[in-house]
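Structural overview for review
In case you want the letters, here they are:
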Amino acid sequence: YYQKVAQALNNAGVKRKKSKLYGPAQYLYYYALVFKPDYAAALNNLGNLSLEVKNMSVAYSSYKKSICLEPQFLEPYMNLADYFFKEQKYVASLYILYKSFKINPISPLAYLNKGNALTELGKINEVLKSYKAAQVLEPEFGLACYNLGNIYFDKLFQIQAAILEYRKTSMIQVGYSQAAA
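Residues numbered from 1 in each chain as written. Predicted model: local features only at pLDDT ≥ 70, side-chain atom pairs only at ≥ 80, totals over all residues. Heavy atoms only, no water.

1. What about the overall build of the protein?
When helices and strands are counted, the protein shows 10 helices and zero strands. Each helix and strand of the protein, placed in order from N terminus to C terminus, yields the pattern α-α-α-α-α-α-α-α-α-α. Within the protein, the fraction of its 181 residues that count as buried is 43%. For the protein, the proportion of contacts with a sequence separation of at least 24, taken over those separated by at least 6, is 44%. Positive and negative charge centroids in the protein, built from 21 and 12 side chains respectively, lie 3 Å apart. (Helix = DSSP H or I, 4+ residues; strand = E, 2+ residues; numbered from the N terminus. Buried < 20%, exposed > 50% of the residue type's maximum accessible area, 1.4 Å probe, protein only. Contact = heavy atoms within 4.5 Å. Lys, Arg positive; Asp, Glu negative; His and termini not counted. Charge placed at Lys NZ, Arg CZ, Asp CG, Glu CD.)

2. Regarding helix α5 (residues 74-86)
The end-to-end C-alpha separation of α5 is 19 Å, in line with the 18 Å expected for 13 residues at 1.5 Å each. What α5 keeps buried is the set Pro 76, Tyr 77, Met 78, Asn 79, Leu 80, Ala 81, Tyr 83 and Phe 84. Along its buried surface, α5 packs onto α3 (40-52), α4 (56-69), α6 (90-103) and α7 (108-121). One or two steps after α5, the chain reaches Gln 88, where phi turns positive at roughly 60°. (Expected span 1.5 Å × (residues − 1).)

3. Things to note about the packing of α7 against helix α8 (residues 124-137)
For the pair α7 and α8, interaxial distance at closest approach is 8 Å and the crossing angle is 160°. The orientation of α7 with respect to α8, classified from their angle, is roughly antiparallel. Between α7 and α8 the crossing geometry is left-handed. Where α7 abuts α8, its residues Pro 108, Tyr 111, Leu 112, Lys 114, Gly 115, Asn 116, Leu 118 and Thr 119 lie against Glu 126, Val 127, Ser 130, Tyr 131, Ala 133, Ala 134 and Leu 137. Classifying every residue of the contact of α7 with α8 gives nine nonpolar, four polar and two charged. (Axes fitted to C-alpha atoms, helices over the stretch in contact; angles between N-to-C directions. Parallel < 35°, antiparallel > 145°, perpendicular 65-115°, else oblique. Left-handed = near helix turned anticlockwise from the far one by under 90°. Nonpolar A, V, L, I, M, F, W, Y, C, P; charged D, E, K, R; others polar.)

4. Here's the deal with the layout of surface pockets
The space that makes up the largest pocket amounts to roughly 160 Å³. In terms of lining residues, the largest pocket is bounded by Met 78, Asn 79, Ala 81, Asp 82, Phe 85, Ser 93, Leu 109, Asn 113 and Asn 116. Among the elements of the structure, α5 and α7 are those that each provide at least two residues to the lining of the largest pocket. When residues in the lining of the largest pocket are grouped by element, the largest group, five residues, is from α5. Tallied by class, the residues present in the lining of the largest pocket amount to four nonpolar, four polar and one charged. (1 Å grid on protein atoms, 1.4 Å probe; cavity = no way out; pocket = protein on both sides within 12 Å on 5 of 7 lines; lining within 4 Å. Points joined across faces, edges and corners; volume = space filled by probe spheres on them.)

5. Side note on the nonpolar core
Counting residues in each nonpolar core, the largest one holds 33 residues, and the members touching the most others are Leu 80 and Tyr 83. Among the elements of the structure, α4, α5, α6, α7, α8, α9 (142-155) and α10 (159-180) are those that each provide at least two residues to this core. The greatest single-element share of this core, amounting to six residues, is contributed by α5. Ignoring any residue separated from it by four or fewer positions in sequence, one finds Leu 80 in contact with Tyr 60, Tyr 63, Lys 64, Ile 67 and Ile 96. (Core = buried A, V, L, I, M, F, W, Y, C linked by side-chain atoms within 4.5 Å.)

6. What to know about the packing of α7 against α9
It is the contact of α7 with α9, at a shortest axis distance of 10 Å, that shows an interaxial angle of 20°. Classified by the angle between their axes, α7 and α9 sit roughly parallel to one another. The two elements α7 and α9 cross, and the hand of that crossing is left-handed. Of the residues in α9, those in contact with Leu 112, Asn 116 and Thr 119 of α7 are Leu 143, Ala 144, Asn 147, Ile 151 and Lys 155.

7. Regarding the packing of aromatic side chains
In total, this model carries 11 aromatic pairs according to the counting rule given. Both rings, one in Tyr 27 and one in Tyr 31, keep their centres 5.7 Å apart while their planes meet at 15°; by these two values the pair is stacked. Residue Tyr 27 and its partner Tyr 31 are located together in helix α2 (residues 22-35), separated by four residues, close to a single helical turn. Each ring, one from Tyr 31 and one from Phe 35, has its centre 5.3 Å from the other, and the planes form 90°; the classification is edge-to-face. In this pair, Tyr 31 and Phe 35 are both assigned in helix α2, four residues apart and thus about one turn of the helix distant. You can call Phe 35 partly exposed: its relative accessible area is 23%. (Phe/Tyr/Trp six-rings, centres within 6.5 Å; stacked < 30°, edge-to-face > 60°.)

The values are spatial; any link to function lies outside them.
Now the structure itself:
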């Protein structure tokens, strides 16, 4: 019974957050945790909300607790890595991402985020490998194509390669918009 109530409260919190009703969403996440204190998904969602409203200490502790409760739950690793990235702690972000690869070694998002952190550290050869790995794992990952194009253009001054990646991005976006129509 408590599990179902906690899930319903968590789901209601997700809906409120999507509607930018942050106060009610936060209340619902905390209330879900009253019914199920070890509910990793609610903690992760509380962390996401907290990160969005720049309550960094709550975001950090929520992600850490979520990971401790469910070490195989990939999403809080991605979110904690994003937290560290936003705090400009790129090495810490990479550390968390490497842990996430033990859970899912073929996560395109993890490779994208790894590339983003490596970009900030100036490790361009490794950045290229990460973005290309994200593309191989998910060929229609527009953000990986776009970021790779930026590396070719801004860091390597390879205009033709950049144009190719930007074209892939626009073709993917056109494909998505056609599929939605």
